[in-house]
Amino acid sequence: MTALVIGVDGGGTSTRCVVATVSGEVAGRGYGGGSNILSSADPGGSLRGALLAALAGLDPGEVTAGVFGLAGGDSARERTEAVAAEAWRAAGLPGRPSVVSDALAAFAGATAEASGAVLIAGTGAVAARIDDRRVTGRADGYGWLLGDEGSGTWIGRRAVRAVLASVDGRAAPTALLGCFGDAAEPAPSRSPEQAGPGPLGSAPSAQEIVRLVHAGIAESGPAWLARLAPAVEAAARDGDAAATAILDEAARRLAATVGALGPVSGPLVLAGSLLTEPTLLAGKVRAGLAGTVVTARDSAAGAAALALHAAGAGAVPDPLAAHRRLIG
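Quick look at the structure, then. Bear in mind that the values here come from a model prediction, so they are computed numbers and not experimental data.

Side note on the overall build of the protein
- Counting secondary structure elements, the protein contains 11 helices and 10 strands.
- Against the globule reference of 20 Å for 328 residues, the protein gives a C-alpha radius of gyration of 20 Å, in line with a compact fold.
- Taking the principal axes of the C-alpha coordinates as reference, the protein spans close to 65 × 40 × 30 Å.
- Out of the 328 residues belonging to the protein, those deemed buried represent 54%.

Here's the deal with the packing of helix α7 (residues 241-259) against helix α9 (residues 280-287)
- In contact at an axis separation of 9 Å, α7 and α9 are set at 45° when each is read in the N-to-C sense. By the angle class used here, α7 and α9 are oblique. In this structure, α7 meets α9 at a crossing whose hand is right-handed. Contacts from Leu247, Asp248, Ala250, Ala251 and Leu254 of α7 reach α9 at Leu280, Leu281, Lys284 and Val285.

Re unusual backbone geometry
- A positive phi angle, close to 60°, is found at Arg133, a residue other than glycine.
- Among the structural elements, Arg133 can be located in the loop between β7 (125-131) and β8 (134-140).
- A relative accessible area of 21% means that Arg133 is categorised as partly exposed.
- Of note in this structure, Asp148 is not a glycine but carries a positive phi near 55°.
- With respect to the element layout, Asp148 can be found in the loop between β8 and α4 (152-167).

Thoughts on the nonpolar core
- Leu119, Ile155, Leu176 and Phe180 are the most contacted members of the largest nonpolar core, which totals 44 residues.
- Setting aside residues up to four positions removed in sequence, Leu119 forms contacts with Val126, Ala127, Leu254, Thr257, Val258, Leu268, Val269, Leu270, Ala271, Leu275 and Val285.
- In terms of nonpolar packing, the next biggest core, distinct from the first, is built from 34 residues, Val67, Leu104, Ala271 and Leu306 among them.

Topic: the pattern of salt bridges
- Counted under the stated rule, the structure contains 9 salt bridges.
- Residues Glu149 and Arg253 are paired through a salt bridge, measuring 3.3 Å at the closest nitrogen-oxygen approach. Taken together, the residues Glu149 in the loop between β8 and α4 and Arg253 in helix α7 connect sequence positions 104 residues apart.
- Relative accessible area serves as the criterion here: at 22%, Arg253 is assigned to the partly exposed category.

Quick word on the sheet that holds β7
- Spatially, the 5 strands line up as an open sheet ordered β8-β7-β6-β9-β10, and their pairing is mixed. In the strand order of this sheet, the two ends are held by β8 and β10 (293-295), each with one partner. Across the sheet, the mean angle separating the axes of adjacent strands is 25° when strand polarity is ignored.
- Pairing analysis gives 4 bridges linking strand β6 (residues 116-121) to strand β9 (residues 268-271), with the strands arranged parallel. Considered in β9, the bridge of Ile120 is made with Ala271.

Some thoughts on α4
- The end-to-end C-alpha distance of α4 is 22 Å, a good match for the 22 Å that 16 residues give at a rise of 1.5 Å each.
- Gly152, Thr153, Trp154, Ile155, Gly156, Ala159, Val160, Ala162, Val163, Leu164, Ala165 and Ser166 are the residues of α4 that are buried.
- Where α4 is buried, its residues contact α5 (206-220), α6 (229-237), α7, α8 (273-276) and α9.
- In the segment just after α4, Gly169 is the residue with positive phi, at about 90°.

Points about the side chain of Ser35
- Here Ser35 lies in the loop between β3 (26-33) and α1 (43-54).
- Polar side-chain contacts of Ser35 include one of 2.7 Å to the side chain of Thr15.
- What Ser35 contacts, discounting residues up to four positions off in sequence, is Gly10, Gly11, Thr15, Ser40, Pro43, Ser46, Leu47, Leu70 and Ala71.

Brief notes about the packing of helix α10 (residues 299-311) against helix α11 (residues 319-327)
- Where α10 contacts α11, the two axes come as close as 9 Å, and the packing angle between them is 170°. As judged from the angle between their axes, α10 and α11 are roughly antiparallel. Judged by residue contacts, Ala301, Ala304, Ala305, Leu308 and His309 of α10 engage Pro319, Leu320, Ala322, His323, Leu326 and Ile327 from α11.

Things to note about α9
- Those residues of α9 that sit buried are Leu281, Ala282 and Val285. Each buried residue of α9 lies within a common arc of 100° when the element is viewed along its axis, so the set occupies one face.
- If you follow the buried residues of α9, they end up packed against β6, α4, α6, α7 and α8.

Digging into a nonpolar patch on the surface
- Among the surface-exposed residues, Tyr142, Leu145 and Leu146 lie close enough to one another that they form a single nonpolar patch of about 380 Å² accessible area.
- Note that Leu145 resides in the loop between β8 and α4.

The rules we used
Residues numbered from 1 in each chain as written. Predicted model: local features only at pLDDT ≥ 70, side-chain atom pairs only at ≥ 80, totals over all residues. Heavy atoms only, no water. Helix = DSSP H or I, 4+ residues; strand = E, 2+ residues; numbered from the N terminus. Rg over C-alpha atoms; globule rule 2.2 N^0.38 Å. Buried < 20%, exposed > 50% of the residue type's maximum accessible area, 1.4 Å probe, protein only. Axes fitted to C-alpha atoms, helices over the stretch in contact; angles between N-to-C directions. Parallel < 35°, antiparallel > 145°, perpendicular 65-115°, else oblique. Left-handed = near helix turned anticlockwise from the far one by under 90°. Contact = heavy atoms within 4.5 Å. Core = buried A, V, L, I, M, F, W, Y, C linked by side-chain atoms within 4.5 Å. Salt bridge = Lys/Arg side-chain N within 4 Å of Asp/Glu carboxyl O. Pairing = 2+ DSSP bridges. Expected span 1.5 Å × (residues − 1). Polar contact = N/O pair within 3.5 Å; in protein donor to acceptor, adjacent residues only side chain to side chain. Arc of directions from axis to C-beta. Patch = residues over 30% accessible without salt bridge, like charges linked within 9 Å, V, L, I, M, F, W, Y side chains within 5 Å. Areas by Shrake-Rupley, 256 points an atom, 1.4 Å probe, with all protein chains shown as cover.

Spatial relationships are all this shows, so hold off on functional conclusions.
In C-alpha cells, the structure reads:
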C-alpha cells in the first residue's frame, strides 16, 4: 500500500487537483471548472470533477490527508468547508480535507520556505503574510463585489464601465467596445480562451451591453467578468488610453494591497494568471516591488505539500524533502 495525499487549488476560473505519494512524487492530476465559493457557478461540482479525474486508477482508501486551497474561502468559511467535505465524500475519500486560503497553497507551491508573503491576481486578488506555513495577515480578497482590487474581475468591471461611458458620450471612444463584438453574438457564448475583442459588426448599444454582461454573469457567475481582462491587455498593448489607464490603476491597487502587509521576512510569491504570465500588468507590478520575488508555479502541488506537512512525521518520513521534490 502506497500512502497518498491530495492537494486542490480552487480559483474563480478553474480547479486543479494533485494526488502525490508521501515521498513527493505526483501520482495523478485532475482539472475542473471554477470553485470560488463567492463567484463560481458550481464550486462543488468543479471540486468533485477535479478529484475524480485525479484519482482515476488510484485507490481512494490510500489517501491519508488532503488540503484544499480555495479562493473566497476566508469570506465564507462554513459554506466553503461544507462544500469541500461533500466533494471529498462524493469522491469516496476517507475522513475530510483541511481548507486553507488559496494564498497559502500558492506560497507553498512556489517555495519550501516556511515564511514570506504572497500576492495573487487572477480572477480575484489577495495578499497574505505567511509565518510557519500559516496565514498570519491578509489584505483584500473580499470577493468581486466588495474588493479583489486589481483582479481579472475588477479589470473586467472597469472595462465595462469604460465602454458604457464611451458609448453614451461621457468618455472618448475606446477599442474595448470590441469586447462585445456584434450585438447578435453575445460575448458570454465565448470561452475564456476565446475572450478578447470580437468582430465589431454593428456596434451594440449601451442597453445591449448591459444585457450581455448580466447574461454572462447569470450563466457563469461574476467570474465571467474576468474573461474581459485579456481584451484589456490587448487593447493596452495597442495603445488604447482607456485600457492603459485600467491596467495602471490595477497595478497601483495590487501594490497597495501587498504593501498593506508591512515589512515581510522571506520571499514574496506572485501568483495568479495576471502576474505569472508575461502581461503588461505583471511588468507594472514587478517594477514597484523590492526584495526577493518568486513566481508561483503549481498551487495544487503546494496544497499537496501542505498535506504532507500536516500528515506528520509518522506518515511522512521527511516532509521538507518531499515538499521540495513535489514542487520541483
